[in-house]
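Residue-level listing of the chains:
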Amino acid sequence: MKNNVKKSRINKDITQEQLAKRVGATRQTIGLIEKGEYNPSLHLRVAIAKELGKTLDELFWEVE
Amino acid sequence: MKSWISVLLPDDEYKEKKMMQFLSEGAVLLFISLIGTLVVSNFIVLDTETILFLHIALFAVYVLGRYIVSGIEFTDIVTEQEYRKERRVIIVKSAGFTAIFILLYSAINGFPADIWGWLNIGGVSVLAGVFMFPDQLHFPETFLQKEQGFDINNKTNRPGKVAFLTSSGYYLSLIFSHHLNQELSIQWLTMNLIDLIDGDNTIKAMIPDS
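Note that this is a predicted model, so its numbers are computed, not measured.

Draft legend 1. Representation of the overall build of chain A in the model. Each helix and strand counted, chain A has 5 helices and 0 strands in total. From first element to last, N terminus to C terminus, chain A shows the α and β order α-α-α-α-α. Looking at chain A residue by residue over its 64 residues, the buried ones come to 47%. For chain A, contacts bridging at least 24 residues in sequence account for 51% of all contacts bridging at least 6. A total accessible area of about 3600 Å² is found for chain A, and carbon and sulfur atoms account for 50% of it.

Right, dumping it as structure tokens:
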């Protein structure tokens, strides 16, 4: 499932590892989320959205 | 997740999910094998200790194997440089563990006098070393160049802390079991397996001093 996590993370100039540490996940998990290979829980999505300063819609609404 | 099992699970939700999956699969396999053993026990006399050990081993090996193959142990290794560095560390640790194991085991049990003694030391040491040695269970990895941080997760699969703990656990149980005169040796395992399958003592007749 595609999302805008990677684009938003790069715009904020933070690495996967940094984002992972801040949201309480591993770098691997962030990588899988960005690839669309893992469907995170609502809790993790909210944590990522807060960290990146975006809404859930902006990050995770289906991208064409 | 509010459960006592959470104590055994990692904090990261992806890892937690995968571990739950592996433990569940292991539990189902264990359940099926126990039912199979229950049915078979009506026709064949089975040694309780051996069967219990085999079932425990089935669960442990399955879960450990799935964990190793999944590649969730080393989540931060992406570039080839980091992989080589980690591999070097694991090789040194594996070799060190194997050497210390052989020395301590010989110190406690004495140096082996026969083939079974060497198998006991060598087999377990090599097995422990193999479980800890990364390339023995090497699977294809994908690396991407670093660009503003890591781009994609690495699918490196290697035995790590779990394998070390498993090997250490077995090593410790060997030490303690020796003191209790119930040695979990390769010879003991082999003879019990032979007992299990060799109903008319055909195989045992071929083994000297069995």
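Draft legend 2. Representation of the pattern of salt bridges within the structure. Scanning the entire structure with this criterion turns up 6 salt bridges over all chains. With a shortest N-O distance of 3.8 Å, Glu17 of chain A and Lys21 of chain A are connected by a salt bridge. On the criterion of helical spacing, the pair formed by Glu17 of chain A and Lys21 of chain A is a turn pair, its members being 4 residues apart in helix α2 (residues 16–23). Residues Arg84 of chain B and Glu80 of chain B are paired through a salt bridge, measuring 3.0 Å at the closest nitrogen-oxygen approach. Of this pair, Arg84 of chain B and Glu80 of chain B both sit in helix α3 (residues 80–109), separated by 4 residues, roughly a single helical turn.

Draft legend 3. Summary view of the environment of Tyr62 of chain B. Residue and element names in this part refer to chain B. For Tyr62, the location among the structural elements is in helix α2 (residues 48–70). Its relative accessible area of 25% is what places Tyr62 among the partly exposed residues. Taking C-alpha positions, Tyr62 is 8.8 Å from Leu29, a pair spaced 33 residues apart along the chain. The residues contacting Tyr62, other than those within four sequence positions of it, are Phe22, Glu25, Gly26, Leu29 and Ala57.

Draft legend 4. Just α2 of chain A, in detail. Residue and element names in this part refer to chain A. Taken together, the buried positions of α2 are occupied by Gln16, Leu19, Ala20 and Val23. One face of α2 carries all of its buried residues, which in axial projection span an arc of 100°. Positive phi shows up at Gly24, right after α2, with a value of about 80°.

Draft legend 5. Inspection of the packing of α2 of chain A against helix α4 (residues 42–52) of chain A at higher detail. All names here are of chain A. Closest axis-to-axis distance for the α2/α4 pair is 10 Å, and the angle between their directions is 120°. Relative to α4, the element α2 lies oblique. Remark: the crossing between α2 and α4 carries right-handed chirality. Judged by residue contacts, Leu19, Arg22 and Val23 of α2 engage Leu44, Ala47, Ile48, Glu51 and Leu52 from α4. Here the contact of α2 with α4 is composed, by residue class, of 6 nonpolar, no polar and 2 charged.

Draft legend 6. Structural context of the interface of chain A and chain B. Each partner contributes residues to the interface: chain A has 21 residues there, and chain B has 19 residues. Interface area, chain A with chain B, both sides summed: about 1700 Å², of which 45% is carbon and sulfur. If you sort the residues of chain A by the area they bury against chain B, Arg27, Gln28 and Tyr38 of chain A come out on top, with a joint share of 37%. If you look at where chain A meets chain B, you find 0 salt bridges. The tally of links between chain A and chain B comes to 5 residue pairs in polar contact (both at pLDDT 80 or more). Those elements giving two or more residues to the side of chain A that touches chain B turn out to be α1 (5–11), α2 and α3 (27–35) of chain A. Counting residues per element, the side of chain A that touches chain B draws most heavily on α3 of chain A, at 6 residues. Each residue belonging to the side of chain A that touches chain B can be placed in one class, and the counts come to 7 nonpolar, 8 polar and 6 charged.

Draft legend 7. View of the nonpolar core. The biggest cluster of nonpolar side chains holds 24 residues, and the ones touching the most others in it are Val5, Leu19, Val23, Ile33, Ile48, Leu52 and Leu59 of chain A. Residue contacts for Leu59 of chain A: discarding those within four places in its chain leaves Asn3, Asn4, Val5, Ser8, Ile48, Ala49, Leu52 and Lys54 of chain A.

Procedures and definitions
Each residue is numbered by its place in its chain's sequence as written, counting from 1. Chains and ligands are labelled sequentially in the order written, the chains with letters from A and the ligands with numbers from 1. For this predicted model, a pLDDT threshold of at least 70 governs which residues receive local features, and a threshold of 80 or more governs which side-chain atom pairs are given and counted, while totals over whole chains, interfaces and linings are taken from all residues. Excluding hydrogens and water, the side-chain figures rest on all heavy atoms present in the structure. Numbering goes from the N terminus for both helices and strands, where a helix is a DSSP run of H or I of at least four residues and a strand is a run of E of at least two. Buried residues are those whose accessible area, probed at 1.4 Å on protein chains only, stays under 20% of the maximum for their type, while exposed residues exceed 50% and partly exposed ones sit between those limits. Should any heavy atoms of two residues lie within 4.5 Å, those residues are counted as being in contact. A 1.4 Å probe and the Shrake-Rupley method give the accessible areas. Residues count as covered only by the protein chains that appear here. Any Lys or Arg side-chain nitrogen found within 4 Å of a carboxyl oxygen on Asp or Glu counts as a salt bridge. Note: the arc covers the axis-to-C-beta directions of the helix. Here, axes are lines fitted to C-alpha atoms. For helices the fit covers the stretch in contact, and angles between N-to-C directions go from 0 to 180 degrees. Our angle categories are set so that under 35 degrees counts as roughly parallel, over 145 as roughly antiparallel, 65 to 115 as roughly perpendicular, and the remainder as oblique. Crossing handedness: left-handed means the near helix sits turned counterclockwise from the far one by under a right angle, and right-handed means the same turn made clockwise. Charged means Asp, Glu, Lys or Arg here, nonpolar means Ala, Val, Leu, Ile, Met, Phe, Trp, Tyr, Cys or Pro, and polar covers whatever is left, Gly included. Note on terms: buried area is the combined drop in 1.4 Å-probe accessible area of two parts once they are placed together, counting the loss on both. Polar contacts here mean pairs of N or O atoms no more than 3.5 Å apart (in protein, one a potential hydrogen donor and the other a potential acceptor; neighbouring residues in sequence count only if both atoms are side-chain atoms). Nonpolar cores were defined as sets of buried Ala, Val, Leu, Ile, Met, Phe, Trp, Tyr and Cys residues, with membership established by side-chain atoms within 4.5 Å.

Keep in mind these values describe shape, not function.
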